[in-house]
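The chain contents come next:
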Amino acid sequence: MKRHVTSHRRRKTNRNRIYSQTQHTWAVTAPFALFLIFAAVVCIVYAILQHNCESISEEIAFEESRQMQLDTDLRSEKTKWDALIAPASLESALKANGIRMTRVRQTQRIPRKTYYAQLQKWESKGYSNGSDANIYASTR
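Our focus in this paragraph is a nonpolar patch on the surface. Together, Leu 34, Ile 37, Val 41, Val 45 and Leu 49 line one region of the surface with nonpolar side chains, adding up to about 470 Å² of accessible area. When you line up the elements, Leu 49 lands in helix H1 (residues 30-84).

Have a look at this one:
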């Protein structure tokens, strides 16, 4: 293949250079520098994500231990409450406080139909459904 010959020659680029001055050049090539910068950014992002994950895992561990403690407290409170509402326990508490309960007299009893009718009237007026207003006449 023939080389194209031109009439003018290419000018030297460093013809006007003063050799006593230092010339600034890059120590590494641009692709290698970009690779190093990319690797540094990836390492920094990894470190930040690692720190965030560790802090979240510590928080999860703390919340799990707190949940286990609350479950233990709940079980113990349920056990105490079950012991308190046992009939024998209620009777001993009533005796200890000097409260004497007797059986319901026949005149104090309310027939079921009347009770449910009265309950519906209370509910229509906005009172409770009766589940939290139980009246205990006797524990025997």
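Let us look at the pattern of salt bridges. Counted by the stated rule, this structure contains two salt bridges. Arg 66 is paired through a salt bridge with Glu 63; the nearest N and O atoms lie 3.4 Å apart. Linking Arg 66 with Glu 63, this pair stays in helix H1, spanning three residues, or about one helical turn. For Arg 66, a relative accessible area of 46% translates into the label partly exposed. Among the residues examined, Glu 63 registers a relative accessible area of 37% and is labelled partly exposed. The salt bridge partner of Glu 77 is Lys 80, with a shortest N-O separation of 3.7 Å. Note that Glu 77 and Lys 80 are positioned in helix H1 at a spacing of three residues, about one turn of the helix. Taking the relative accessible area as the measure of exposure, Lys 80 reaches 49% and is therefore partly exposed.

What counts, and at which threshold
Residues numbered from 1 in each chain as written. Predicted model: local features only at pLDDT ≥ 70, side-chain atom pairs only at ≥ 80, totals over all residues. Heavy atoms only, no water. Patch = residues over 30% accessible without salt bridge, like charges linked within 9 Å, V, L, I, M, F, W, Y side chains within 5 Å. Areas by Shrake-Rupley, 256 points an atom, 1.4 Å probe, with all protein chains shown as cover. Salt bridge = Lys/Arg side-chain N within 4 Å of Asp/Glu carboxyl O. Helix = DSSP H or I, 4+ residues; strand = E, 2+ residues; numbered from the N terminus. Buried < 20%, exposed > 50% of the residue type's maximum accessible area, 1.4 Å probe, protein only.

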